[in-house]
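# Summary of structural features
The primary structure of each chain is shown beneath.
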Amino acid sequence: MSNDRTTRRPTSARDKAEALFKAKAPTVAAPAEKRTVLPGAKEMVTLRIDSEALAYFQDGGPGWQDRTNAALRKALPAPVDKGLRPDKLNSSNDG
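Residues numbered from 1 in each chain as written. Predicted model: local features only at pLDDT ≥ 70, side-chain atom pairs only at ≥ 80, totals over all residues. Heavy atoms only, no water.

With that out of the way, let us pick up the overall build of the protein. Of regular secondary structure, the protein possesses four helices and zero strands. Written out in order from the N terminus, the α and β elements of the protein read α-α-α-α. For the protein, buried positions account for 2% of its 95 residues. Taken as a whole, the protein presents about 10,100 Å² of accessible surface, with 56% of it coming from carbon and sulfur. (Helix = DSSP H or I, 4+ residues; strand = E, 2+ residues; numbered from the N terminus. Buried < 20%, exposed > 50% of the residue type's maximum accessible area, 1.4 Å probe, protein only. Areas by Shrake-Rupley, 256 points an atom, 1.4 Å probe, with all protein chains shown as cover.)

Moving on, we get to the environment of Ala71. Its location among the elements puts Ala71 in helix α4 (residues 64–75). A relative accessible area of 36% means that Ala71 is categorised as partly exposed. Residues Ala71 and Phe57, 14 residues apart in the sequence, show an inter-C-alpha distance of 9.8 Å.

Attention shifts here to the packing of helix α3 (residues 51–58) against α4. Here α3 crosses α4 at 120°, and the two axes come no closer than 8 Å. Contacts from Leu54, Phe57 and Gln58 in α3 reach Trp64, Arg67, Thr68 and Ala71 in α4. Of the residues in the contact of α3 with α4, the class split is four nonpolar, two polar and one charged. (Axes fitted to C-alpha atoms, helices over the stretch in contact; angles between N-to-C directions. Contact = heavy atoms within 4.5 Å. Nonpolar A, V, L, I, M, F, W, Y, C, P; charged D, E, K, R; others polar.)

We now examine the pattern of salt bridges. Counted according to the given criterion, the structure contains one salt bridge. Lys42 serves as the salt-bridge partner of Asp66, at 2.9 Å between the closest nitrogen and oxygen. On the criterion of sequence distance, the pair formed by Asp66 in helix α4 and Lys42 in the loop between α2 (13–20) and α3 is long-range, its members being 24 residues apart. Take Lys42: its relative accessible area is 61%, and that puts it in the exposed class. (Salt bridge = Lys/Arg side-chain N within 4 Å of Asp/Glu carboxyl O.)

Turning our attention to a nonpolar patch on the surface. Residues Val45, Leu47, Ile49 and Leu72 make up a contiguous nonpolar surface patch of about 380 Å² in total accessible area. In this fold, Ile49 is placed in the loop between α2 and α3. The partly exposed category is assigned to Ile49, whose relative accessible area is 40%. (Patch = residues over 30% accessible without salt bridge, like charges linked within 9 Å, V, L, I, M, F, W, Y side chains within 5 Å.)

Turning next to the packing of aromatic side chains. Taken as a whole, this structure holds one aromatic pair when the rule is applied. A centroid spacing of 5.1 Å and a plane angle of 85° characterise the contact between Tyr56 and Phe57, whose relative ring orientation is edge-to-face. (Phe/Tyr/Trp six-rings, centres within 6.5 Å; stacked < 30°, edge-to-face > 60°.)

Across the protein, the average pLDDT comes to 77, with 72% of residues at 70 or higher. Within the protein, helix α1 (residues 4–8) has the poorest average pLDDT of any element, 52, and α3 the best, 95. (pLDDT = per-residue confidence, 0-100.)

Here is the structure:
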């Protein structure tokens with residue numbers, strides 16, 4: 001005798017459930033749009049710093065965020081002048 005159940009129901013409930021969760025083809029996200037950066041514009045961020053460092057800047061009173069920003073900018077490496085390379089330096093352009 002043949003199994004009539006399997007002929008009438010080609011897939012089990014488990015097979016149907018697994019079909020719902022089959023992996024879709026991976027989609028590639030569109031590249032993020034580059035935002036226009038305005039000179040001098042500031043961006044709101046969340047930053048985790050030591051409580052001692054925060055207290056140092058806040059103890060100076062109002063403007064502590066500007067002082068913190070100035071200290072961070074001072075810590076940045078000097079901008080590179082792309083027109084003058086180290087191999088081109090000589091006594092006439094050592095500035």
